[in-house]
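If you want the building blocks of each chain, they are given just below.
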Amino acid sequence: QSFYKYLSKEGTLITKRPIMRRAGNQTLQDSLLLPYIDDINYQSGNRLIILHTIGSHHAYKDRFDSQNAKYTPYCDSYDLRSCSHQQLVNAYDNTISNTDQFLGDLIAKFKNSNAIVFYTSDHGESLGEQHKFLHGIAVDKAPKEQTSVPFFIWMSDQFVQSNFGTKVNRKLNKVGEAVPISHDNIFHSILGCTGVIANSIIDKNLNLCD
């Protein structure tokens, strides 16, 4: 929560407890955030919406509904040592499937808006590779499973069809696999790809839309 103190005082911060209360204290899953998007979409003007998702944090079994599990048998325990490696992988893959569904539902809510969506994970997870589990190892010692994460940018048709959006789309399509992308790009690209002009703040070398 300390991060959000830097946001504008005009912004609204909704934390975990009220979100879970509104949902009837269900198991914490990212889908609980979606009703808030409907609330926000009734508002007018430009908006920055930050969703801090739970993603694939352990306990994996709590990150998806059992009836939607695509990979079985999966680890249904809080104790990783009580599960086989394949059960652990299946549980993790089910969390990824749930994230795919969440992102699809989220994007659908902005399909008919002038919108751009950025998504990335803050870290990956070790599932027993090199006898390592979960995350949190120092960056200089962490395996690639913990440091290689997804990062994508989605744009609505309305955004792409605008003059500015067309330029953004063209520049992003030129970002190839040979260009290293990291969390360092996020801040500068969110500003640059949404048309914010702040030459003293935006690093052109880190702005993917420059």
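Residues numbered from 1 in each chain as written. Predicted model: local features only at pLDDT ≥ 70, side-chain atom pairs only at ≥ 80, totals over all residues. Heavy atoms only, no water.

### As for the side chain of Thr-95
Reasoning step 1: Position of Thr-95 among the secondary structure elements: in helix α3 (residues 85-109).
Reasoning step 2: By relative accessible area, Thr-95 is classed as buried at 0%.
Reasoning step 3: Discounting chain neighbours no more than four positions away, the residues touching Thr-95 are Ser-56, Tyr-60, Arg-63 and Phe-64. (Helix = DSSP H or I, 4+ residues; strand = E, 2+ residues; numbered from the N terminus. Buried < 20%, exposed > 50% of the residue type's maximum accessible area, 1.4 Å probe, protein only. Contact = heavy atoms within 4.5 Å.)

### Focus: the packing of aromatic side chains
Reasoning step 1: Applying the stated criterion to the full structure yields four aromatic pairs.
Reasoning step 2: With a centroid separation of 5.0 Å and 75° between ring planes, the pair formed by Phe-64 and Tyr-74 is classed as edge-to-face. Here Phe-64 is found in the loop between α2 (34-40) and α3, whereas its partner Tyr-74 is found in the loop between α2 and α3, with ten residues between them in sequence. Per residue, the accessibility class of Phe-64 equals that of Tyr-74, and both read buried.
Reasoning step 3: Judged by centre distance (6.2 Å) and plane angle (90°), the ring pair of Phe-159 and Phe-164 falls under edge-to-face.
Reasoning step 4: Since its relative accessible area comes to 34%, Phe-164 is described here as partly exposed. (Phe/Tyr/Trp six-rings, centres within 6.5 Å; stacked < 30°, edge-to-face > 60°.)

### What about the environment of Thr-12?
Reasoning step 1: Looking at the element boundaries, Thr-12 is found in the segment before α1 (16-22).
Reasoning step 2: On the accessibility criterion, Thr-12 (70% relative accessible area) is exposed.
Reasoning step 3: It is 9.6 Å that separates the C-alpha atoms of Thr-12 and Ile-49, two residues lying 37 residues apart in sequence.

### Remarks on the nonpolar core
One broad trend across soluble globular proteins is that nonpolar side chains are buried collectively.
Reasoning step 1: Among the nonpolar cores identified, the biggest contains 15 residues, and Ile-19, Phe-102, Leu-106 and Phe-110 are the most heavily contacted of them.
Reasoning step 2: Listed by contribution, the elements that provide at least two residues to this core are α1, α2, α3 and β1 (116-120).
Reasoning step 3: Setting aside chain neighbours within four positions, we find Ile-19 in contact with Ile-14, Leu-32, Leu-33 and Tyr-36. (Core = buried A, V, L, I, M, F, W, Y, C linked by side-chain atoms within 4.5 Å.)

### Some points on the pattern of salt bridges
Reasoning step 1: This structure, assessed with the given rule, holds five salt bridges.
Reasoning step 2: A salt bridge links Asp-39 to Arg-22; its shortest N-O distance comes to 2.8 Å. Here Asp-39 is found in helix α2, whereas its partner Arg-22 is found in helix α1, with 17 residues between them in sequence.
Reasoning step 3: Residue Arg-81 is joined to Asp-79 by a salt bridge in which the shortest nitrogen-to-oxygen separation is 3.2 Å.
Reasoning step 4: Among the residues examined, Arg-81 registers a relative accessible area of 77% and is labelled exposed.
Reasoning step 5: On the accessibility criterion, Asp-79 (32% relative accessible area) is partly exposed. (Salt bridge = Lys/Arg side-chain N within 4 Å of Asp/Glu carboxyl O.)

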